[in-house]
Amino acid sequence: MKWPFRLLCSLGSICSVVCSSQTPLVTTDYPDFSFSEEWQVLEATWGADPLEALGGFRSLEYDDQATFRSSLASNGTVRWSTTSARLSESETGLAIAELSVSFPQADWNALKLVYGWAALQWQGWARGRINFPSAKTLALRVEHIMELWIDGEQYFGGDFYGYGRSALTLHLLPGEHRIDLRLVRDVRAMGGVGEPKLDLLLKLGESSGWLSPVLADETDEYSGILISDLVGDKNGPLASPYASATLRNDASHDIYIQGVEATHNQCEAELLDSPLKLIPGQTRPVGLKIACVPPAVEFGPIMLTFSYSVEGISEVQFLTIFGLPRERGLYEPQKLTYLHPSGIVSYAVIRPPSPHSQCKERNASLPILLQLHGAGLEADSRQVRHSLDEVPDLCAWVLFPTGVTPWSGDDWHTWGFADVEAAIAAIPEWIEQVGWSGPGVDTDRWLVSGHSNGGQGTWYALTHRPDKIIAAAPVSGYSSIQNYVPYTFWRTTDPGKDAVIQISLNSYRHELLLENAKGITILQQHGSEDDNVPPYHSRLLSELLEQAGVATEYHEMPGKPHWWDGVMTTKPLKNFYHRILDAPLKSYTLAQNNDFVVVSTGQGDMSPKNGVSILSTTTPGQLAKIHVIFDPHTKECSLSSSNVVALQLSENFNDCNAIRIDGQQLSESFSISTKGLLLLKEENVWQIVHNSQLPVRQASQQGGMNAVLKSKGPFFITYLSHPAKKIALQISRNVCQYFAADTVITDDYNQSLGARTSNLITVAVGSDLTGILDGADFPIKVFHDHLEILDQEVHSYGSHRGLAAAFVRPLPNGRLDLVLWGVDEESLAIAARLAPLMTGTGQPDFVVADRSMLWKGLEGTLALGFFDDSWNVSRNSCFS
C-alpha cells in the first residue's frame, strides 16, 4: 500500500504518525515473511464438513496413500494431493499467495447433466505454511475463504466475497506457522459455467502494531475515507457532510479514539460518537461529519488526523489518512453519503432531474427511479453509475443504492433494503445541502429496476413494498435464491427440520408473493443466451404473474448474454421509463382496486398493500393472506383471512360503509383515523383494538435470527466470561466484513441493555447466563450443563456430545438479543456459526445442536423452530 505518511515505530516503542506532506510518499519495502509454495490439498463433498467426523482436517497429517470416502469422486474415494501457489511480493510490503484448486477426481459433466449447477459445488481443505524471520504484527486477508486455522486456532468467517474490510491481526513468534484453509466452491458466488475450480487469494502485510486504516482499494491511497462528492465544481459543497473511515486495532491492548481533526484552515471534522473503543483485533467503521470551506480540494486531498490512546500508555497517539472527494457537475451522477439505520455511514449515487427534461409543468415533486446493482458491483463503479446515461432527461430522481456492500449486504433484503430506504430518505437532505432549486422529490413513489441480483432485488421491492411502487422492471434477475441454485447436494435430513429452514427462507420466495404485485405495471427483460441467470427465471415469473392476475410485458432479447453494454437502456426499457414517468400522477381509491390479495411472510418485512397491513400471524413462517373485495355499489368491504391474527387498515378504508371480515360484521360505530384501524382476532372473533392490545412481538423482532439485522444502532456484543471474548471478536469481525456493520464489544451486560435502540448479541459459555435469563418468562432455560425448552412438554438436552444453542429473545423498545451459548468453548464456536452471515442459509428463531452438526449439518440439530407473537414456542417447530 502506498501510504501518504510514514510510520515510524520499533518493536515495543511508542508508534506515531508523521505527515511529511500532502503528496503521497512512494516507498519500496519488500516483505521478509512469506507463504509456502507447496500446499497439501484434500477434497470433500458439498455441505457440512465430512472430515469433522474424523476429528477435523486439523487432526489429519498428509499421507498420499490414505483414502477418504466421497460421493463426488470416481470409485467413491479421494486422496491427498499437492498444488503450487503462485507467490509474489509487492513493493508496498505484501506477501501474496494465489491458489487455484480443482477436483479432477469428479466427472463434472456427468453430474451437471443430471443435477445441474448444484452439482458443481464442492469443498475441501488446503494446508500451507507462513514463515517469519522475526516477531511481527501482521494483517492477513483471505479472499474467497470462510474458515481457516492457524497453528490449531480457528478463525470462522474469513472473507468469502473478497471485501477486504476486516483483516485478521496476527501476533506471531519467529518461525514456521501452519495454516489450514477450508475451501468452499459455491455456485452463487463463483458461477456455474466452465471448470468448477476455486481461486484463492491470501495477502499478508506488516502492521504498525497500533491503530491501522483499512483502504477500500489497495491501489488508491485516498480510498481510506468514504466521503461524498463535491457538487458543481471545486467550489461546490460536499453532497453530504457524513464520512467514514474503517480502522483496525492491531495493538495488544484496547484503543480509544478520542477525536479527529481535518486539514488545517480547510475543513473541520467531528466524530459522530466518542470516545470509541476498539479491543485488540477489532475493526470499526468510524463515522464523522466533515465541513469544508470552498474550494475544498484547492490544496490537495482532505487530511484527517485521528487522536487515540492505548490502554496503559499515557502519550496520545495520532493516525493520519487522506481522502479526495471528486468534483461532479450538479446534474451528474454523484456520491451521496448518509446514515444507515444501524448508524454506520453508507452511500448511494444520485442523479438529479435534468434541466432539459420535458416534465410538462408537472407536480412539484418527481418520483424516484431506483436502480439496483448486481452482485459484486459497487454503486460508484463506472458500470453502475453510467448504466442510465442513454436516458439523461427522465422526469425522475435517479438513485443507485449500494445496499452497503457490493453484494448489497443480504441480497437487497433486511440489511440491504434498509439501506435503500435510508438512501431515499437522504434525498431531501441533499436538496437542502446543495441549495437545489429544481423539482422536489416524492419519496413515496418509486419506479424500481435492477439487473441480475438487482433484478432479484426488484422482485423483493415489488412484493414487499407494493404501496410504494408505481412500476417495476426486473432485468435478468433470478426468481428466488432456492430456485437459482437448488439445495440438492445439501446433506439429507429429517423433512421436519428441512421444513423449518425452508420456512425461514420464505421472504426470498418471490414466486409465492406475486399476488402483491397486482395493479402494478411490470416490464421484464432477459437475454436469451444468459448463462449466468438462465432466462427460465423470467419466463417462469411471467407465467406465474399471469396466473396471479398481474399484467406483465416480457421481452427476451435474442442472442444476448447476461450483461451487455446498454442492457438497462434497450428500446423497450427506454420506452417503459418514459411511459411511466411521463404519466400524470394517479390517485388511489378502493373503487379502482376493488379486488386484491395481500400476502405476507410474517417476518416483519412487508409494508402495506392497498392500505392493508398484516401485523401478526397464527403460525410463524406460514404465509398469511387477506383477500379484499370492495363493492362499489353498496360500499361494503369484505375481507377474508388466512393465518392472520392482527391487521391494520389505512384511512383509505374510510370509503367503506361497512366492513365484514371472515363473515363477521364489524361494529357500525368504527371510525378510521389517519393511523388506521387495528383489528385483532381472539377466540375466532375479530375486534377493534388499540395499539397496546396487539401481540407483544413487534415487526422489528420478527424474521428469525436475521431480525437482529434490524438494529437501530451499532450491535452491542457482550461476552460474559473471558473464554467467550474470542468468539465476540470473531462475530464483530464477521458483521463488519459482510455487512460493514459497527459493533461495541463489552463484558458489561447492563451497558448493552442501556443502548436503547441497538440490538444485542450475547456470547456465553456454561453458567454465564445465570442471573440474566433467570426468572424471565421465556421458553428457553439455560443451565450450566444442559438446556430446556418449554413447549406443551419439557424438552431437555444434555451435554454428552457437546451442546450449543442460538436463539433470539425480546428486549424492551422492540429490540432483540441474539444469544449464542455453548456448554464449553468448543460448543460455543458451533453456536457462533449460526449468527447471520450469508444469505440463503435460513436461520429460524432458535437452534439447539451438538457437535455432530459439524459433519451432519442440519441433521445434527436437536431442536429448531419459531416463537409465535406471544413468544411461545410455535407448533411448527421441530424437536429430536
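Residues numbered from 1 in each chain as written. Predicted model: local features only at pLDDT ≥ 70, side-chain atom pairs only at ≥ 80, totals over all residues. Heavy atoms only, no water.

Things to note about a nonpolar patch on the surface
On the surface, a cluster of nonpolar side chains totalling about 370 Å² of accessible area is made up of Leu-113, Val-114 and Tyr-115. Relative to the helices and strands, Leu-113 is located in helix α1 (residues 108–115). (Patch = residues over 30% accessible without salt bridge, like charges linked within 9 Å, V, L, I, M, F, W, Y side chains within 5 Å. Areas by Shrake-Rupley, 256 points an atom, 1.4 Å probe, with all protein chains shown as cover. Salt bridge = Lys/Arg side-chain N within 4 Å of Asp/Glu carboxyl O. Helix = DSSP H or I, 4+ residues; strand = E, 2+ residues; numbered from the N terminus.)

Observations concerning the domain arrangement of the protein
Annotation of the protein at the domain level lists domain 1 (34–207), domain 2 (213–329), domain 3 (330–476 + 513–582), domain 4 (590–695) and domain 5 (701–879). The C-alpha centroid of domain 4 is placed 53 Å from the C-alpha centroid of domain 1. (Domains from an automatic or database assignment.)

Comments concerning the state of the cysteines
By the definition in use, this model includes three disulfides. At a sulfur-sulfur separation of 2.0 Å, the disulfide partner of Cys-267 is Cys-292. On the sign convention where negative means left-handed, the S-S torsion of about 105° between Cys-267 and Cys-292 marks this disulfide as right-handed. With a gap of 25 residues between them, Cys-267 in strand β22 (residues 267–271) and Cys-292 in strand β24 (residues 283–292) connect regions that are remote in the sequence. (Disulfide = S-S within 2.5 Å.)

Re the sheet that holds strand β39 (residues 636–642)
Within the open sheet, the five strands sit side by side as β36-β38-β39-β41-β42. Their pairing is mixed. Two strands close off the open sheet at either side, each with one partner strand: β36 (595–600) and β42 (664–665). Inspection of the sheet shows strand β38 (residues 624–631) paired to β39 by seven bridges, in the antiparallel sense. For Ile-626, the partnering residue across the bridge sits in β39 and is Ser-641. (Pairing = 2+ DSSP bridges.)

Some details on the sheet that holds strand β14 (residues 168–172)
Reading across from one edge, β8-β9-β16-β11-β14 is the order of the five strands in this open sheet, with antiparallel pairing throughout. One side of each edge strand has no neighbouring strand; the edge strands of this open sheet are β8 (86–89) and β14. Across this sheet, the average inter-strand angle for adjacent strands is 20°, counted without regard to direction. Strand direction decides the pairing type here: strand β11 (residues 136–143) and strand β16 (residues 198–206), joined by six bridges, are antiparallel. By the bridge assignment for β16, Val-142 is matched with Leu-202. (Axes fitted to C-alpha atoms, helices over the stretch in contact; angles between N-to-C directions.)

Digging into the pairing of β36
With five of its six residues buried, β36 lies for the most part within the structure. Across six bridges, β36 lies against β38 in antiparallel orientation. Across the sheet, the residue bridging to Val-599 is Lys-625, located in β38. (Buried < 20%, exposed > 50% of the residue type's maximum accessible area, 1.4 Å probe, protein only.)

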